[in-house]
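Breakdown of the fold
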Amino acid sequence: MSSSSTKTDVKSVIVIGAGMIGLATAWHLRKSGVEVTVVDKKGVAAGSSWGNAGWLTPALTLPLGEPSVLLSAPKTMLSSKSPLYIPLRFDLKLIRFLTGFAWHSLPRQWRKSMEIFAKVNPLGMPEFHELTDGGVKAPVKEAKPFLAGFLSEKDRKVLLHEFEVVEASGDKVSFDLVTGDELRQIEPTLSDAVSCGVLLHGQYFINPPKYMESLGDAVAKLGATLKSGFDAAAIDDTAKGVIVKATNGDALEADAVVIATGAWLGELARKFGVKAIVQAGRGYSFSVVPEVVPSHPIYFPAQRLACTPLGDRLRIGGMMEFRSVDAAPDKRRFRTLVEAGKPVFKGVDWDARKEEWVGGRPVTADGHALIGATKNPRVFVGGGHGMWGIALGPLTGKLLAGAIVGEPDPVLKHFDPLR
Ligand SMILES: Cc1cc2nc3c(=O)[nH]c(=O)nc-3n(C[C@H](O)[C@H](O)[C@H](O)COP(=O)(O)OP(=O)(O)OC[C@H]3O[C@@H](n4cnc5c(N)ncnc54)[C@H](O)[C@@H]3O)c2cc1C
């Protein structure tokens with residue numbers, strides 16, 4: 001491995017956070033010959049990179065904030081039965097976040113946002129293939145096809161309208177329309193109430209826990225040190241680098257540091273001029289074993305359900321809850337997911353669900369990630385991908401490692417952490 005391409009002053013990097021972003025960045029840094037230590041307060045995939053849906057779906061990789069959310073959210077968001085739930089409390093930071101989120105959901109801002117997604121989405125998948133070719137063993141599967149199911153034509157029109165906007169933004173979506181019966185021929189576990197569907201082509205998925213474990217192994221195999229139980233509490237500048245201090249008194253030194261702490265990003269990054277709020281958009285998931293386990297990922301946009309086959313189990317996930325990332329799981333939310341799933345599946349024993357999980361998506365108000373240097377040129381951040389940190393994680397890792405060891409790619413102007 002050659003280190004000739006590295007910036008002369010960055011020979012060692014501490015990456016804080018062993019989620020998708022931290023590990024993908026570590027992988028690319030090792031490939032550039034940089035000495036890397038990845039630390040995590042718990043371990044690999046202790047945050048939202050574990051219980052997510054694992055979809056690598058360029059056709060659906062869109063900003064969370066959009067005009068229809070502005071219309072529907074105020075009516076429903078205070079109910080724990082609503083997919084988007086904001087528990088009522090006085091929290092100035094949350095109010096600031098929501099105000100920014102609402103502004104960026106306005107049609108004009110949203111269209112600008114869509115253009116950035118359209119530019120970046122096609123760059124995401126090749127980075128998964130690079131990781132596979134480079135030794136990450138867990139499979140990246142093509143959906144062949146990816147299914148979306150609906151109880152009515154009216155619901156389907158909403159998704160078709162999204163595709164029109166995606167295409168108007170410069171991206172391509174390849175899909176076919178099918179009846180409920182055609183959908184059931186592919187996945188017999190869908191209920192008779194599912195009346196129509198969409199088959200999406202060119203979409204992929206992973207098994208998140210397996211993939212993350214495999215990525216962690218690959219990073220270690222490349223020579224990085226992975227340290228769990230290191231809860232980073234402070235980052236200080238030294239004359240020639242940085243020192244990262246843990247809550248238990250441990251400390252590590254390196255030439256530079258990457259903060260890739262997901263929904264916790266603001267805690268360490270704020271001191272370095274990162275003003276954008278990273279709010280936890282908490283999601284829930286669990287797994288069940290239907291009588292016929294699906295082999296395709298299935299999306300129910302109207303019910304906001306994301307379903308992914310994970311070997312012999314089906315993961316069912318969804319919900320968006322703006323509250324503290326560290327709050328205890330709200331048990332009512334699992335019940336809400338079950339109630340959303342019952343009408344669209346048959347042959348599922350919902351009481352036998354396992355792996356109940358909650359995790360915080362790192363959501364920014366403008367819907368874009370924070371990738372690059374902070375006001376301290378030795379302190380970098382990578383995160384804030386909201387709903388799409390898995391699909392865009394390997395790309396982020398490559399862009400961020402590139403910015404640390406060389407010149408930032410021009411596309412990073414959209415993701416400036418100091419905006
Ligand atoms: C229900 C649900 C479904 C989703 N589905 C998809 C999907 O299909 N496709 C997709 O692309 N995305 C999806 N996402 C979003 C995706 O999971 C996230 O965007 C992504 O995992 C974020 O990765 P990350 O590395 O930034 O953060 P995380 O995975 O949260 O990792 C952050 C890590 O930092 C560690 N950490 C935090 N603070 C400290 C500290 N002070 N010191 C040390 N370590 C620390 C944590 O322990 C954690 O391991 C989904 C999310 C949810 C909740």
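The structure reproduced in this document is the subject of the present report. (Residues numbered from 1 in each chain as written. Predicted model: local features only at pLDDT ≥ 70, side-chain atom pairs only at ≥ 80, totals over all residues.)

Once that is clear, we can look at the site of the ligand. Near the ligand, the surroundings consist of 41 residues, among which G19, G47, G262, G283 and G389 are the closest. For the shell around the ligand, the secondary-structure elements that each account for two or more residues are helix 1 (20-31), strand 2 (35-40), strand 15 (278-288) and strand 19 (354-364). Among the residues forming the shell around the ligand, the class breakdown is 19 nonpolar, 17 polar and five charged. (Near = placed C-beta within 6 Å. Helix = DSSP H or I, 4+ residues; strand = E, 2+ residues; numbered from the N terminus. Nonpolar A, V, L, I, M, F, W, Y, C, P; charged D, E, K, R; others polar.)

Here we come to the packing of helix 4 (residues 107-133) against helix 10 (residues 393-405). Packing of helix 4 against helix 10 brings their axes to within 7 Å, and their N-to-C directions diverge by 85°. Classified by the angle between their axes, helix 4 and helix 10 sit roughly perpendicular to one another. Of helix 10, the residues touching helix 4 (which contributes L123, G124, E127, F128 and L131) are P394, L395 and K398. Across the contact of helix 4 with helix 10, the residue classes tally to five nonpolar, one polar and two charged. (Axes fitted to C-alpha atoms, helices over the stretch in contact; angles between N-to-C directions. Parallel < 35°, antiparallel > 145°, perpendicular 65-115°, else oblique. Contact = placed C-beta atoms within 7 Å.)

It is worth spelling out the pairing of strand 8 (residues 196-200) at this point. In terms of residue burial, strand 8 counts as a mostly covered element, since four of its five residues are buried. One ladder, built from five bridges, connects strand 6 (residues 146-150) with strand 8; its direction is antiparallel. Pairing of L147 across the sheet is with L199, part of strand 8. As judged from the five bridges shared by strand 7 (residues 175-179) and strand 8, these two strands associate in the antiparallel manner. When the bridges of strand 8 are listed, T179 appears paired with C196. (Buried ≥ 20, exposed ≤ 12 C-beta atoms within 10 Å, placed from the backbone. Pairing = 2+ DSSP bridges.)

A separate point is the sheet that holds strand 5 (residues 141-142). Strand order in the open sheet formed by three strands is 3-9-5, with antiparallel pairing between adjacent strands. Two strands bound the open sheet, and with one partner strand each, they are strand 3 (55-56) and strand 5. Note that strand 3 and strand 9 (residues 204-205) share two bridges and pair antiparallel. From the neighbouring strand, L56 faces strand 9, where its bridge partner is Y204.

Before going further, it helps to examine helix 10. In this model helix 10 runs 18 Å from its N-terminal to its C-terminal C-alpha over 13 residues, within 8% of the 18 Å that 1.5 Å per residue would give. Counting buried positions over the 13 residues of helix 10 gives twelve, a clear majority of the element. Residues of helix 10 that are buried: G393, P394, L395, T396, G397, K398, L399, L400, A401, A403, I404 and V405. On its buried face, helix 10 is in contact with strand 1 (12-16), helix 1, helix 4, strand 14 (256-259), strand 20 (370-373) and strand 21 (379-383). (Expected span 1.5 Å × (residues − 1).)

Tracing the sequence through the fold places D155 in helix 5 (residues 153-168). A count of 17 C-beta atoms within 10 Å places D155 in the partly exposed class. Counting along the chain gives 41 residues from D155 to C196, while the straight-line C-alpha distance between them is 9.4 Å. When near neighbours in sequence (up to four residues on either side) are disregarded, D155 contacts F150, P301 and A302.

Glancing now at the environment of D366. Relative to the helices and strands, D366 is located in the loop between strand 19 and strand 20. With 20 C-beta atoms counted inside 10 Å, the residue D366 sits in the buried group. For the pair D366 and F101, spaced 265 residues apart in the sequence, the C-alpha separation amounts to 6.1 Å. Once you skip the residues sitting within four places of it in the chain, D366 turns out to touch G100, H104 and S113.

Glancing now at the packing of helix 1 against helix 10. The N-to-C vectors of helix 1 and helix 10 enclose an angle of 50°; their axes lie 7 Å apart at closest approach. Here helix 10 runs oblique to helix 1, going by the angle between their axes. The element helix 1 and its partner helix 10 pack so that their crossing is right-handed. Across the interface between the two elements, M20, I21, A24, T25, W27, H28 and L29 of helix 1 pack against G393, P394, T396, G397, K398, L400, A401 and I404 of helix 10. The residue inventory of the contact of helix 1 with helix 10, partitioned by class, reads nine nonpolar, five polar and one charged. (Left-handed = near helix turned anticlockwise from the far one by under 90°.)

This brings us to the sheet that holds strand 11 (residues 232-237). Ordered in space as 11-12-13, the three strands form an open sheet in which the pairing is antiparallel. Two strands close off the open sheet at either side, each with one partner strand: strand 11 and strand 13 (251-254). In this sheet, adjacent strand axes meet at a mean angle of 20° when their direction is disregarded.

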